[in-house]
Amino acid sequence: QQMMAQRQAQLQQQQLQQQQAQALQQNRQKLEEQNRQKMQEQQQRMQQMKQQQEELQRRQAEERQMREMQMMQRQKEQAACLSIRRVVQKLRAVTQETFDGIQQELLEVLQEQLAGCGSQAEAMKQEAENQLQQARQRLEQLEEQRKKMEEQRAELEKNKKEAEAKAQELLKELATHVEAAEKAKESVTEQGAVFADKSFLELKFSDLESKAEALQETAKEAKEKIKVCTDQVLAKGVDMRVSDMPQATPPVEGEERFKLSALLGRINECTKAVDKTLTDAKLAKEKSLKKDEAQKKVQALDVIFKKYDGDTDGFLSRKEVEKYAKGEYKFDLPKAVVEELFKVVVGSDKGVKKADFQRLKIAVGVAREQAKDEKRKADRIEKEKHLAKLKEELTEKIAEVGKEVDIADGKVAKAEEDCQGLATKAKEASAEETVELATGADELIKEAKEASAEAKKVVTALSEGIEAELKVWLIGEQKKMEFRTGRFDMRITKANLLASKCREDAKKKAAEELGAIQKKAKKMLKYHQKAKSLKNEDLFAAVDTDKDDKVSEKEFLAFFASCEKEPKAEKKEDGDDKKDPAEEEEAPTDGELKRLLAKLDEEEEGSIPKETFMNFIRTYMKVAKETVLTSEAGIKDSKTLRRLEVGEAVEVLEGPVEEEEVKVMRINAKAMKDGMEGWVSLSGNTGAIFLEEGAHVFKVKAETILTEAFLLDGSGVSEVAKKKLSTRKLKVGELVECLVWPNKEESSGLMRMKCRCRSDGATGWVTTVGNQGTVYLEVA
């Protein structure tokens, strides 16, 4: 059986092998058949492609032959058109003489070549006709222009002849005037001949002066006649200049023709001759006058000599010389000088003769000036002594003033030093301490200013009543001190800026400190409110124990002393997530609470009005993700009142409280957009945040003004409140905290909000939305 089973298995294996071999043979045959079919199909495709290529080549050959025939036809047409255009081009430069010939040539070329133009024949014919017509019109226009130019030339020739005739008439008249001027010039020259040489020196000055006056009269007449000529040239010169241009008609034999240039030359010659004669007369008169004056001086000297020559011996003795000096110059001539004069001037003891009298006069003058020099020298020495004494006194005074300047410099330096250290000291100081630092710096700056003013005053007073000779020296000393005092203002200003910055930093620090106090106080109030499940009205009632609708200082402090407080966290252990006590905020001190009360007490009545307190404890939140406002705290039985959109602000009225079923925190809130009240979730049970803090912070979008009152006219604010409220500009990007939510100001239609600036703590009213819809502030 085992053998049979093996045999049977072998048989089955052989059958399987036979079947596989048959299958392989069948597959091989199928593949061969498929390959044979593919080869046949490929051969057919190759045959088709060959036929297509042969057909394409045949078509290309036919198209090439067609294009060559068309090209040859176009070349023939272009040649014919070009032949016609060559003749047509000649019409553009045609003249009256060549027009007929070119027209005949055009007709002949059209007969010969037009048929060969093919499709362009009609266009070429039209082009030839148009150019022929344009040539005729152009020739007609040229003929008309030629006639007009001939007429204009004839008119110009006529006008030129008339202008030449008119010019000759005017020049003839001018020539008459020129002849009269030349005759007058000759008279002047004849009368002035006496002044041209030195013969005038023999005449007396009076005779010469009379001749000069007579010459002036004659020259005056000559100039008047010359002026007649020049006036005519100025008046009619344009008409007379035609004579200097080429003439239209040649002159007739024996005709005299005048030229303006020649007549102008004659006029200039007359003017020069008269002016030269007058100049010679003037110079001669001046020379004669000098000669006459010299003679008079000699005669005067003779008179003086005779006056002091008492013995009429022709000499001046020593005594006579002394009398001369005393009488003429009021000068007592010293004996030594007299002896020196007689040695130098006279050379003998006989006396000063008349010929040496001029030398004596000069010597006496020199002696007198020497005596004056001695007097001036003595006065100068005395003056120098006086000035030296004054300078010594002034030096002492300058030293005293220098001490004043040193004192002022020291005070300015002290103020500088103190102010430069303000920034460092203020870093670790509180707002109150920073104010004290700024106040101390202001006192030092005040002292520096007073000392500087006093120093400048005494420096300026140095130049009062000072001798002119000392002013130059004093100015140099004064400038040294003025240079020092001049820098005081700049140094004081710099110190003042540092002190002002310190005071501004104090304001900011005070605002930050007050903001921190407000935050801590509000947190405690809210915790008490949550712990007791109170609404805002109930919380105010809890603080206002005497029910007078205002919170006094005693009530304020008492409430914070006894209110519910957040329990302190236990000490942090390893792996524990409890809050570190070091990170916990401390409760505000009584002093800090008094500062907060003073800030909220705008009327300075020692208490906080109910409205102000309610504004202080209000909490605003911003919609971070779209949610709904419902009617009840429980979500299951609540009705949806409306949807809250992203960015909307809501006021927290109560809560937060935990919703029992869904286990989410819910608050009772009022939508600020329309005043609707309801309940809303702070977050979802999946972690989605619906409300977030920060709705009370607004950002300035457009520059606006922080004012004192809600009403634009400033009414309705007490004087006390005005002092606490600020008026200033709010810059774009600045952040403010809402104190009273925006309300509409009826008279203007503006939305107005009371706010506090985060940068410096300034408080006031601001417009959030204009009456035209302009947004000035929006929730940050």
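Here's what I pulled together on the structure shown here.

### Structural notes on a negative patch on the surface
Piece 1. Together, Glu392, Glu393, Glu396, Glu400, Glu404 and Glu454 give the surface a local cluster of negative charge.
Piece 2. Take the negative patch: its biggest share by element is five residues, from helix α9 (residues 357-420).
Piece 3. You can see Glu400 is positioned in helix α9.

### Some words on helix α2 (residues 99-113)
Piece 1. For α2, which comprises 15 residues, the first-to-last C-alpha distance of 21 Å matches the rise-based estimate of 21 Å (1.5 Å per residue) to within 8%.
Piece 2. Where α2 is concerned, the buried positions are Phe99, Ile102, Leu106, Val109 and Leu110. Along α2, the residues classed as buried sweep out an arc of 105° about the axis, all on the same side. Among the exposed residues of α2, those pointing more than 90 degrees away from its buried face are Asp100, Gln111 and Glu112.

### Regarding the pairing of strand β10 (residues 677-681)
Piece 1. When you tally the buried positions in β10, you get four out of five residues, the bulk of the element.
Piece 2. Where strand β9 (residues 665-671) meets β10, five bridges bridge the pair, whose relative direction is antiparallel. Each residue of the ladder has a partner; that of Lys670, found in β10, is Glu677.
Piece 3. Between the antiparallel neighbours β9 and β10 lie five residues, among them Gly675 with a positive phi of about 80°.

### Things to note about the pattern of salt bridges
Piece 1. All told, the structure shown has 46 salt bridges when counted by the stated rule.
Piece 2. Linking Asp239 and Lys166 is a salt bridge whose minimum nitrogen-to-oxygen distance equals 3.5 Å. One end of the pair, Asp239, is in helix α5 (residues 205-240); the other, Lys166, is in helix α3 (residues 121-191), and 73 residues separate them in sequence.
Piece 3. A residue is classified by how much of its surface remains accessible, and Asp239, at 28% relative accessible area, is partly exposed.
Piece 4. In this structure, Lys701 and Glu778 form a salt bridge, with 3.6 Å as the shortest nitrogen-oxygen distance. Of this pair, Lys701 sits in the loop between β12 (697-700) and β13 (704-706) while Glu778 sits in strand β18 (residues 777-779), placing them 77 residues apart in sequence.
Piece 5. Lys701 sits in the partly exposed class, given a relative accessible area of 43%.

### Topic: the side chain of Lys509
Piece 1. Checked against the element boundaries, Lys509 lands in helix α12 (residues 468-531).
Piece 2. Setting aside chain neighbours within four positions, we find Lys509 in contact with Ala426, Lys427, Ala429, Ser430, Ala431 and Thr434.

### Some thoughts on the sheet that holds strand β15 (residues 735-745)
Piece 1. Within the open sheet, the five strands sit side by side as β17-β16-β15-β12-β18. Their pairing is antiparallel. In this open sheet, the two strands that pair with only one neighbour each are β17 (763-769) and β18. Strand-to-strand twist of the sheet, defined as the mean angle between neighbouring strand axes without regard to direction, takes the value 45°.
Piece 2. Strand direction decides the pairing type here: β12 and β15, joined by three bridges, are antiparallel. Bridge pairing in β15 links Lys699 to Leu735.

### Looking at the packing of aromatic side chains
Piece 1. Overall, the coordinates contain eight aromatic pairs when judged by the stated rule.
Piece 2. Residues Phe540 and Phe613 carry aromatic rings whose centres are separated by 5.5 Å and whose planes lie at 55° to one another, so their mutual orientation is tilted. Of the two residues, Phe540 sits in helix α13 (residues 536-543) while Phe613 sits in helix α16 (residues 610-617), which places them 73 residues apart along the sequence.
Piece 3. Given the relative accessible area of 0%, Phe613 is considered buried.
Piece 4. Residues Phe556 and Phe560 carry aromatic rings whose centres are separated by 5.1 Å and whose planes lie at 75° to one another, so their mutual orientation is edge-to-face. Of this pair, Phe556 and Phe560 both sit in helix α14 (residues 553-562), four residues apart, roughly one helical turn.

### Quick notes on the nonpolar core
A general trend in soluble globular proteins is that nonpolar side chains are found buried together.
Piece 1. Ranked by size, the top nonpolar core spans 29 residues in total, and within it Val401, Val405, Cys419, Ile445 and Met481 carry the most contacts.
Piece 2. Every element with two or more residues in this core is listed here: α9, α11 (431-461) and α12.
Piece 3. Setting aside residues no more than four positions away along its own chain, Val401 makes contact with Val458, Val459, Leu462 and Met481.
Piece 4. Leu170, Ile226, Val233 and Ile267 belong to the second-largest nonpolar core, a separate cluster that totals 27 residues.

### Remarks on the pairing of β15
Piece 1. Sheet analysis places β15 next to strand β16 (residues 750-757), joined by seven bridges and oriented antiparallel. Within the sheet, the bridge partner assigned to Val736 lies in β16 and is Cys757.
Piece 2. In this structure, the hairpin formed by β15 and β16 is closed by a connection of four residues, where Gly749 is found at a positive phi of approximately 80°.

### Comments concerning the environment of Gly655
Piece 1. Along the chain, Gly655 turns up in strand β8 (residues 649-658).
Piece 2. A C-alpha to C-alpha distance of 116 Å links Gly655 and Asn159, two positions 496 residues apart in sequence.

### Regarding the packing of α3 against α5
Piece 1. α5 packs onto α3 with a crossing angle of 165° between their chain directions and a minimal axis gap of 9 Å. With respect to their mutual orientation, α3 and α5 come out roughly antiparallel. Relative to α5, α3 is oriented so that their crossing is left-handed.
Piece 2. Of the residues assigned to the contact of α3 with α5, the class counts are 18 nonpolar, five polar and six charged.

### As for the side chain of Thr767
Piece 1. Mapped onto the secondary structure, Thr767 falls in strand β17.
Piece 2. Side-chain polar atoms of Thr767 contact the side chain of Arg752, separated by 2.9 Å.
Piece 3. In contact with Thr767, not counting residues within four places along its chain, are Thr704, Leu750, Met751, Arg752, Tyr776 and Leu777.

The rules behind these values
- Residues numbered from 1 in each chain as written.
- Predicted model: local features only at pLDDT ≥ 70, side-chain atom pairs only at ≥ 80, totals over all residues.
- Heavy atoms only, no water.
- Patch = residues over 30% accessible without salt bridge, like charges linked within 9 Å, V, L, I, M, F, W, Y side chains within 5 Å.
- Areas by Shrake-Rupley, 256 points an atom, 1.4 Å probe, with all protein chains shown as cover.
- Salt bridge = Lys/Arg side-chain N within 4 Å of Asp/Glu carboxyl O.
- Lys, Arg positive; Asp, Glu negative; His and termini not counted.
- Charge placed at Lys NZ, Arg CZ, Asp CG, Glu CD.
- Helix = DSSP H or I, 4+ residues; strand = E, 2+ residues; numbered from the N terminus.
- Expected span 1.5 Å × (residues − 1).
- Buried < 20%, exposed > 50% of the residue type's maximum accessible area, 1.4 Å probe, protein only.
- Arc of directions from axis to C-beta.
- Pairing = 2+ DSSP bridges.
- Contact = heavy atoms within 4.5 Å.
- Axes fitted to C-alpha atoms, helices over the stretch in contact; angles between N-to-C directions.
- Phe/Tyr/Trp six-rings, centres within 6.5 Å; stacked < 30°, edge-to-face > 60°.
- Core = buried A, V, L, I, M, F, W, Y, C linked by side-chain atoms within 4.5 Å.
- Parallel < 35°, antiparallel > 145°, perpendicular 65-115°, else oblique.
- Left-handed = near helix turned anticlockwise from the far one by under 90°.
- Nonpolar A, V, L, I, M, F, W, Y, C, P; charged D, E, K, R; others polar.
- Polar contact = N/O pair within 3.5 Å; in protein donor to acceptor, adjacent residues only side chain to side chain.

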